[in-house]
Amino acid sequence: MRTSIATVSLSGTLDEKLAAIAAAGFDGFEVFEPDFVGSPLSAPDLAARARDLGLTVDLYQPFRDLDSVDPDTFARNLVRAERKFDVMEQLGCDTLLVCSSPLPQAVRDDDLLTEQLTVLADAAQRRGLRIAYEALAWGAHVNTYRHSWKLVSAADHPALGVCLDSFHILSRGDDPSGIRDIPGDKIFFLQLADAPAMAMDVLQWSRHYRNFPGQGNFDLTAFGTHVQAAGYRGPWSLEIFNDTFRGSDTGRTAADAHRSLLYLEGEVARQVAADSSPVLFEAPAASPLEGVVSLRIAAGPGKDDALRTVLGRLGFRLAGVHGAHDLQLWRHAGVTVVVDASPGTVWTAPGLPAHLPVLTQIGVRSADPESWAARARALEVRARDVAMPGADGGTDTDVVRLDVTDATSLDVRGPASAAAWEAAFELYPSGRGWEDDVPLFTGVDHVGLAIPSDNWDGVMLLLRSVFAMEPHEGLDVTDAVGMLRNRALEEPGGGADPLRLTLGMVPGSVTSHLGAARRGGIGHVAFGCSDIFTTAASMRARGFEPLPIPPNYYDDLDARFGLPRALLDRMAESGILYDTDGDGEFFHLFTPTVGADFFFEVVQRVRGYRGYGDANAAVRLAAQLRAM
Ligand SMILES: O=C(O)c1ccc(O)c(O)c1
Ligand SMILES: [Mg+2]
């Protein structure tokens, strides 16, 4: 499959965009006309630049408002088109995108419209060029792909075909399966865009919120499967109008863009028969993940006391210290927590002391970490073989590390990596009896990460492509300090212990989210348990002071669900909150924040409850702010 991208999708000068497009591995690009008009590069210069970079110029776009009920206007538009054909010849680009007109003077008579398109196609053909006609979702008369195909079909002209743009089709809720009825060689161009589900004017939605496949809510796998089945074999091109991307690092966005096409190609490949798509790429599968087994938290010298106190109340015991660095090994219920109190948090998060503690590593067990390295690299994600910080320079390469954000990595840990802890740390002698502790938890239920807004779409794509995680309904929570955008992702088929992550968006970049708690973005680790009242009692016996949840909250629970007063009283005693999703029930409690931005949660899922108690986020945050 050939890959392409419209220059409008990236930030920077045209030169910078082209360099990033080539570096990301694209085969070609669409010239977005305003980028060319505003560039000092002449058309021959641009053609030479593309050639040097090994890129083809796949499309020139957009040509607007071709048709008109006024014959003079139409004649002028044809003259304008000829001037664009001149440019295209110099660019070595043979396809012009003509989009349907949103104007009041747009032609509304299909016969006249077909005639005007035919006249343009004749003109293009004389120059050896082609016209790809696209229905904009907000076109005055033509706004569906079926309509654009009806006109193209009626014109029956070799230089006239359709351009399919997934946004215009899926944003309207149209059924894309009719694409199968269009002959593949009459689809002259394919533009792909995903988008988050939003209830807003479709033009505004399109111009500001499009994102890459795997970052939004459209079913692009089904869409791509229809296009493939139709027999289209031209480039798959991204056309993304997005305010954030337009202000973000060009190279990073281009790399995400290319990865999104690999991801989509793999998803489509799994849907279509091998004989109809001999060229579709699919990343190698990796061995299953077996749950979160370790966490590393950068506490810094200033915060490790508070962190250790909370860990102790959660039942964790200090199991050892590192010989050479200020690292402590804490263990409980099969989970290992490494507290990194070294100055500057040298291991994992240099330069991030302001809002410590920070969760810097999430360790997930897998039988074959190298299979994850291979899968990640196939999807153009950097994966590092990690040597543990061993006591005597000892190494353990049984860990593969993928960066989720600048601060936090997912570490896939193989069977041998557990022993590395033993080698690297001076373990306290056993026999003090605590190995017999009754576990308070069943393991890690989920991990919450604060994601900087300019990183949000990239993280979403990483988790969906490499880890095949599935996004669940996101909830925007109104809380004490503003709106918190939230999204949970879950590993499908993860059995009883799936990897679950909840993402909370914080404004800006990682290094600037000092005091993110005040804006809702807090990282956390949630432990699962089978009886939260017993667990809470054990925690209280260890000195845990529940977060005070106001009586109003329990009165409201009573009003909404009619829970028994005795149960509500027991919940209030331990600061336990409640949610239900029908049959399932959810009980959870929180620690106060440790430092500004980090806390622990204890959850009990009853009868398959699937959510995260998002409805309680505002009450939780208000209580944590009071406790700061
Ligand atoms: O927003 C627009 O005007 C516009 C222009 C060209 C396109 O291909 C498109 O999908 C949208
Ligand atoms: Mg388009």
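What you see is a predicted model, and the numbers here were worked out from it, not measured in a lab.

## A look at the nonpolar core
- Counting 81 residues, the largest nonpolar core has Phe85 and Leu164 as its most contacted members.
- The element contributing the most residues to this core is helix H4 (residues 71-91), with seven residues.
- Sequence-distant contacts of Phe85, defined by excluding residues within four places in its chain, comprise Leu96, Leu120, Ala123, Ala124, Arg127, Leu129 and Ile131.

## Concerning the sheet that holds strand E15 (residues 399-403)
- Across the sheet, nine strands lie side by side as E14-E15-E16-E13-E9-E12-E11-E10-E17; this open sheet has mixed pairing. Looking at which strands have only one partner, the edges of the open sheet turn out to be strand E14 (383-386) and strand E17 (425-427). Strand after strand, the sheet turns through a mean of 30° between neighbouring axes, direction not considered.
- Direction of pairing for strand E11 (residues 327-332) relative to strand E12 (residues 335-340): antiparallel, over a ladder of six bridges. The residue bridging Leu329 from the neighbouring strand is Val338, located in E12.
- With respect to the sheet, helix H14 (residues 417-424) is in contact with strand E9 (289-298), strand E10 (317-322), E11, E12, strand E13 (358-366), E15, strand E16 (409-413) and E17, its orientation differing from that of E17 by roughly 80°.

## So, the coordination of the magnesium ion (ligand 2)
- All of the protein donors around the magnesium ion (ligand 2) are Glu134 (OE), Asp165 (OD), Gln191 (OE1) and Glu239 (OE); their distances to the metal are 2.0 to 2.3 Å.
- Metal-centred angles of 77 to 175° between the six donor atoms at the magnesium ion (ligand 2) mark the site as octahedral.
- Between consecutive donor residues of the magnesium ion (ligand 2), the sequence gaps follow E-x30-D-x25-Q-x47-E. Note that Asp165 is positioned in strand E6 (residues 160-165) and Gln191 in strand E7 (residues 187-192), a separation of 26 residues in sequence. Each member of the pair, Asp165 as well as Gln191, carries the same accessibility label: buried.

## Focus: the pattern of salt bridges
- Per the stated rule, a full pass over the model turns up 28 salt bridges.
- A salt bridge links Glu33 to Lys84; the nearest nitrogen and oxygen atoms lie 3.0 Å apart. Residue Glu33 is found in helix H2 (residues 33-37), and its partner Lys84 is found in helix H4; the two are separated by 51 residues along the sequence.
- Classification of Glu33 as buried rests on a relative accessible area of 16%.
- The closest approach of N and O atoms between Asp558 and Arg565, which form a salt bridge, is 3.7 Å.

## Some remarks on the packing of aromatic side chains
- Enumeration over the complete set of coordinates arrives at 17 aromatic pairs.
- Centre to centre, the rings of Phe441 and Phe527 are 4.6 Å apart; their planes meet at 20°, and the pair counts as stacked. Taken together, the residues Phe441 in the loop between E17 and strand E18 (443-452) and Phe527 in strand E23 (residues 523-528) connect sequence positions 86 residues apart. Note on accessibility: Phe441 and Phe527 belong to one class, buried.
- Consider the rings of Tyr578 and Phe587, whose centres lie 5.3 Å apart with planes at 65°: the pair is edge-to-face.

## Remarks on the site of ligand 1
- Taken together, 14 residues lie near ligand 1, and Arg64, Glu134, His168, Arg207 and Glu239 sit nearest.
- The contact in question runs from an oxygen atom of ligand 1 to an N or O atom on the side chain of Arg64, over 2.6 Å.
- For ligand 1, an oxygen atom lies 2.8 Å from a polar atom in the side chain of Asp165.
- Here ligand 1 loses 100% of its free accessible area of 290 Å² to cover by the protein chains.
- In the shell around ligand 1, the residues fall into five nonpolar, three polar and six charged.

The rules behind the values
Residues numbered from 1 in each chain as written. Chains lettered and ligands numbered in written order. Predicted model: local features only at pLDDT ≥ 70, side-chain atom pairs only at ≥ 80, totals over all residues. Heavy atoms only, no water. Core = buried A, V, L, I, M, F, W, Y, C linked by side-chain atoms within 4.5 Å. Buried < 20%, exposed > 50% of the residue type's maximum accessible area, 1.4 Å probe, protein only. Helix = DSSP H or I, 4+ residues; strand = E, 2+ residues; numbered from the N terminus. Contact = heavy atoms within 4.5 Å. Pairing = 2+ DSSP bridges. Axes fitted to C-alpha atoms, helices over the stretch in contact; angles between N-to-C directions. Donors = N, O, S within 2.8 Å, 3.2 Å for Na, K, Ca; no water. Tetrahedral: all angles 85-135°; square planar, octahedral: opposite > 155°, others 65-115°. Salt bridge = Lys/Arg side-chain N within 4 Å of Asp/Glu carboxyl O. Phe/Tyr/Trp six-rings, centres within 6.5 Å; stacked < 30°, edge-to-face > 60°. Near = heavy atom within 4 Å. Polar contact = N/O pair within 3.5 Å; in protein donor to acceptor, adjacent residues only side chain to side chain. Areas by Shrake-Rupley, 256 points an atom, 1.4 Å probe, with all protein chains shown as cover. Nonpolar A, V, L, I, M, F, W, Y, C, P; charged D, E, K, R; others polar.

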